Amino acid sequence: MSTAETNKPATSGIGAHLGSHLRENGMMLALVAIVLFFFVIVRATQGVDFLSAQNITNLFLQNSYVIIMALGMLLVIVAGHIDLSVGSVAAFTGAVASVLMVRMGLPVLVVIPIVLVVGGLIGAAQGYWIAYWRIPSFIVTLAGMLVFRGLTLWLLGGQNIGPFERSFQSLSTGFIPDLFGPDKPNFTALILVAVAAAAIVWTGIRGRAREAEFGITPEPAGFFWARNAVVVVALLFVGWKLASFRGLPNVLLVMSVLIVLYAFFTESTTTGRRIYALGGNEKAAKLSGIKTERLVFFTFVNMGVLASLAGMIVTARLNSATPKAGVGFELDVIAAVFIGGASMSGGVGRIIGVVVGALIMGVMNNGMSIMGIGIDYQQVIKGLVLLAAVIFDVYNKNKQG
Amino acid sequence: MTAILEMQGITKTFPGVKALSNVNLSVREGEIHAICGENGAGKSTLMKVLSGVYPHGSYDGEILYDGKPARFRDIRDSEHAGIVIIHQELALVPLLSVAENLFLGNEVATGGVINWPLAYQKTETLLRKVGLTEAPTTKVEKLGVGKQQLVEIAKALAKNVRLLILDEPTAALQENDSQKLLDLMLELKAQGVTQIIISHKLNEIRRVADRVTVIRDGSTVSTLDRSEINEDRIIRDMVGRDMANRYPDRTPQIGEMLMEVRNWSVMHPEQPRQVIRDVSLSVRKGEIVGIAGLMGSGRTEFAMSLFGRSYGRDIKGEVTLAGGKPDLSTVSRAIEAGLAYVTEDRKVLGLILDEPILRNISLANLEGISKGSVLSRGREQQVAEKYRKVMNIRTPSVFQRVVNLSGGNQQKVVLSKWLFTDPKVLILDEPTRGIDVGAKFEIYNIMNELAAQGHGVVMISSEMPELLGMCDRIYVMNEGRIAGELTREQASQERIMALILQDGMKGEAA
């Protein structure tokens, strides 16, 4: 092969770039399209504003726990495993929190760390068998799903426990107070969103500069700016809407921080990279000095912690711990991860994809509910969307060869 | 005696390689015919042509079976004609019973409903024929390798076999199991079953074979009658070829002692048997040391057990590396100590096929491209670009997924990965397997370069000419032991073969 050929870039131009990033861009576009679809349809049929400040707030409050658990589930799935127990674990840890607070009267700031540790221990208990005994995660976590559902019932004695003090409730239903007084719009919210938007653009520009420094062919400039413009406009729009209602929900802040942390962890740290390697080819990873067992164990501990956080948020939102909390969560979470582009066989998937995947599920839930579509059709439609997203992936992969 | 099988002028080419070139084989009705040849000589390919694994039309030449032209489209076709092949790796389903295995795909059934009583009855008859007394319901996994081999033969008998092909049937067997198997072969011969045996073990061949055909480099060299079978003749026919200019020139500059392994012993991870026995070996700076041996001689197991205990259990022995006692208890510690192992199976054990080149190169040394534990993707790409130039990895971009590369380029990616860990000693396991001649030459050049830089290189290879062309010293392994050590001057294919065969006989006598 000649040098001329070897120096030829693999892809060039905006079209080729779009093609090679079809998945992520496609998901973003799909999300925007779904939002616009509901905006138009809901206005036409119900006369309701789908993008009202209240509904946007609701969207985040309703879906935060799915996104939070999906972050952990992505790591589990990238490592080549699955966790079916997250719904039960969330219910159980929520019940533990309620018992500690309501029955034992412990203060909120003590309860939260205790419950997070409990979640970690549950993850460790399951991860131990999966990582070190090589028992399939499907089986271990299926057992965990039953065990922790049972323990929830036992702990609650079949009753609801609640209500909680305001400080715990605010975990889910609270808003960040406006430092500039109670007038509308909420300036603190506006400033935070503007800062976040600026930070996204700034890191993007910095990344491009560094890539140029190392001689990496960057994403085409026009495309870069178009993508950032869409993201910034969307962010500012949502920020404006939230600011004109009650401000930024606490849970949105928690969720955003976690998303940034996990995106950084998966893409820019050695440990994150090793989890992808492990999922891509466990044997090769092992022979490259990667401690595969320890990493698998870690992903389950992490999943347990996030499940307990989600459990507390859900419990706070309902203002009571109930035996039925979190039923079916695992399916929403797993679906979000696969819609987000993760591969069942491990090694593939990105945090941003998962977030978009979870939002797609959440927007559809919310939109269909407003339209008054029955739960029967809703399930059918969500199932078909999941299937379509994965078929799209497989089709793309086959086409690339 | 008439010929049951005539293979005439068989030629089989794979992309870039001529695996068989004008091979002739004639097998007489009722005889046991042995086929000898080095690893890679083309024995297995020939048998795959015969059994229809490579269907008619994918090779040139003619197969006459019972005097009539045979054109097998697949294995079922050849099995209908009574030709059954038993591969080295047994094809039994471990979790199914003996009876289920015997009639797999050939069930004793009417209209899809299995007649179990009849199946069990037939199974018992067949098992008795091969000298087994196990119940037909015994799960195959409960049987030892020797008995599984016999079940394979019973399975062949269930298909009314006329020509039975055994590919290295005793390679994985203990001595007394081997003897039983050879006895059974003679018994089947008495019952009129023609057999072809592929084997390296000359004493076995002498014991059962009526004639021997020797294959070398994809061609028939000779067919010997029973009276002509002798070790020297077979070895000469197996290895006699020239090897001019296939290996780059090099003036070895051998320095101080780099790594010494003493009395290395390893147990099989599951079975209670010793896989490596008291292996001692040494590598100096700038030296290329070869390990020769047949498949299954324990070379890979030795290397992997050394490399962070990646194989086996109850590992005993001492290692000195660069004057110190290295901690080789895990792979990451072995890497840190300066050891690198380039696997023989790069697709399964060496690469993450779906990931791009640059991520594969950095995999074993992520610390080298990160600060704290934060990766620098720019640094990662620089490293990959460097190795792409140094190793001449032919690819449009380092972002190319390795699954899209040719075997030779994939091997260069694996080598890059290990060089990036800055090893003192590199163990290369079959570094040129499955890659074309040009890429082989490049890999040899890289090896010479590494030695010239003062690395110690250990090369495991089944291709003897390659070892002779590249190595300063060659250890010969057999059945988990070092059967001998030859300097560059002493080494020849004949001597290596002789060491293996003599060691094999010692093992039998003991």
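Chain B carries the name Sugar ABC transporter ATP-binding protein in an unreviewed UniProt entry, which gives Paracoccus aerius as its organism.

Chain A has the name Xylose transport system permease protein XylH in an unreviewed UniProt entry, where Paracoccus aerius is given as its organism. According to the UniProt record, the Subcellular location (unreviewed entry) comment for chain A is "Cell membrane". Under the heading Function (unreviewed entry), UniProt records this for chain A: "Part of the binding-protein-dependent transport system for D-xylose. Probably responsible for the translocation of the substrate across the membrane."

(A) Looking closely at the overall build of chain A. Helix and strand counts for chain A come out as 17 helices and zero strands. Here the C-alpha radius of gyration of chain A, 22 Å, is about what a compact globule of 401 residues would show, namely 21 Å. C-alpha extents for chain A along the principal axes are approximately 75 × 55 × 40 Å. With 401 residues in all, chain A has 41% of them scored as buried. Restricting to contacts in chain A with at least 6 residues of sequence separation, those with at least 24 account for 80%.

(B) Seen up close, the overall build of chain B. Counting its regular elements, chain B contains 17 helices and 23 strands. Against the compact-globule benchmark of 24 Å for 510 residues, chain B has a radius of gyration of 25 Å, which places it among compact chains. When burial is assessed residue by residue, chain B has 46% of its 510 residues classed as buried. Contacts spanning at least 24 positions in sequence make up 69% of the contacts within chain B whose residues lie at least 6 apart.

(C) Representation of the nonpolar core in the model. If you look at the biggest cluster of nonpolar residues, it comprises 250 residues, and the most contacted ones within it are Met69, Ala70, Met73, Leu74 and Val337 of chain A. Broken down by element, this core gets its largest block of residues, 16 residues, from helix α14 (residues 292-318) of chain A. The residue makeup of this core includes at least three contributed by each of domain 1 (3-239) and domain 2 (257-509) of chain B. Val337 of chain A has contacts with Ala70, Met73, Leu74, Ile77, Ala342, Gly349, Val354 and Gly357 of chain A, leaving out every residue within four places of it along the chain.

(D) A look at the interface of chain B and chain A. With 29 residues of chain B in contact, the opposing surface of chain A contributes 26 residues. Secondary-structure elements contributing two or more residues to the side of chain B that touches chain A are α10 (331-337), α11 (346-350), β19 (374-375) and α13 (377-390) of chain B. Here the residues of the side of chain B that touches chain A are counted per class, giving 13 nonpolar, twelve polar and four charged.

(E) Quick peek at the packing of helix α4 (residues 53-78) of chain A against helix α15 (residues 329-339) of chain A. Residue and element names in this part refer to chain A. Direction vectors running N to C along α4 and α15 enclose 65°, while the axes themselves pass 9 Å from each other. Handedness of the crossing formed by α4 with α15: right-handed. When α4 is examined against α15, the residues Val66, Met69, Ala70, Met73, Leu74 and Ile77 are found in contact with a partner set consisting of Phe329, Asp332, Val333, Ile334, Ala336 and Val337. Broken down by class, the residue content of the contact of α4 with α15 amounts to eleven nonpolar, no polar and one charged.

(F) Structural view of the environment of Ala491 of chain B. Residue and element names in this part refer to chain B. By secondary structure assignment, the location of Ala491 is in the loop between β23 (481-487) and α17 (493-509). With 18 residues separating them along the chain, Ala491 and Arg473 place their C-alpha atoms 8.1 Å apart. Beyond its immediate sequence surroundings of up to four residues, Ala491 is in contact with Leu468, Ile474, Leu486 and Ile496.

(G) Structural view of the sheet that holds strand β14 (residues 274-284) of chain B. Residues and elements named next belong to chain B. Ordered in space as β14-β13-β16, the three strands form an open sheet in which the pairing is antiparallel. Taken across any chain shown, the strands that pair with only one partner, and hence form the sheet edges, are β14 and β16 (313-321). Averaged over neighbouring strand pairs, the angle between their axes works out to 5° when direction is ignored. Relative to β14, strand β13 (residues 257-267) runs antiparallel, the two being bridged by seven bridges. What sits directly across from Glu260, in β14, is Ser282.

(H) Spatial organisation of the sheet that holds strand β17 (residues 339-342) of chain B. Residue and element names in this part refer to chain B. In space, the six strands of this open sheet follow the order β17-β20-β21-β15-β22-β23, with mixed pairing throughout. Each end of this open sheet is capped by a strand with a single partner; those strands are β17 and β23. This sheet shows a mean twist of 20° between the axes of neighbouring strands, independent of strand direction.

(I) Inspection of helix α14 (residues 407-419) of chain B at higher detail. Along its 13 residues, α14 of chain B runs 18 Å from first to last C-alpha, staying within 8% of the 18 Å computed at 1.5 Å per residue. Looking only at α14 of chain B, the buried set comprises Gly408, Asn409, Gln410, Gln411, Lys412, Val413, Val414, Leu415, Ser416, Lys417, Trp418 and Leu419 of chain B.

What counts, and at which threshold
- Residues numbered from 1 in each chain as written.
- Chains lettered and ligands numbered in written order.
- Predicted model: local features only at pLDDT ≥ 70, side-chain atom pairs only at ≥ 80, totals over all residues.
- UniProt positions renumbered as here; feature names shortened; annotations may be inferred.
- Helix = DSSP H or I, 4+ residues; strand = E, 2+ residues; numbered from the N terminus.
- Rg over C-alpha atoms; globule rule 2.2 N^0.38 Å.
- Buried ≥ 20, exposed ≤ 12 C-beta atoms within 10 Å, placed from the backbone.
- Contact = placed C-beta atoms within 7 Å.
- Core = buried A, V, L, I, M, F, W, Y, C linked by C-beta atoms within 7 Å.
- Domains from an automatic or database assignment.
- Nonpolar A, V, L, I, M, F, W, Y, C, P; charged D, E, K, R; others polar.
- Axes fitted to C-alpha atoms, helices over the stretch in contact; angles between N-to-C directions.
- Left-handed = near helix turned anticlockwise from the far one by under 90°.
- Pairing = 2+ DSSP bridges.
- Expected span 1.5 Å × (residues − 1).

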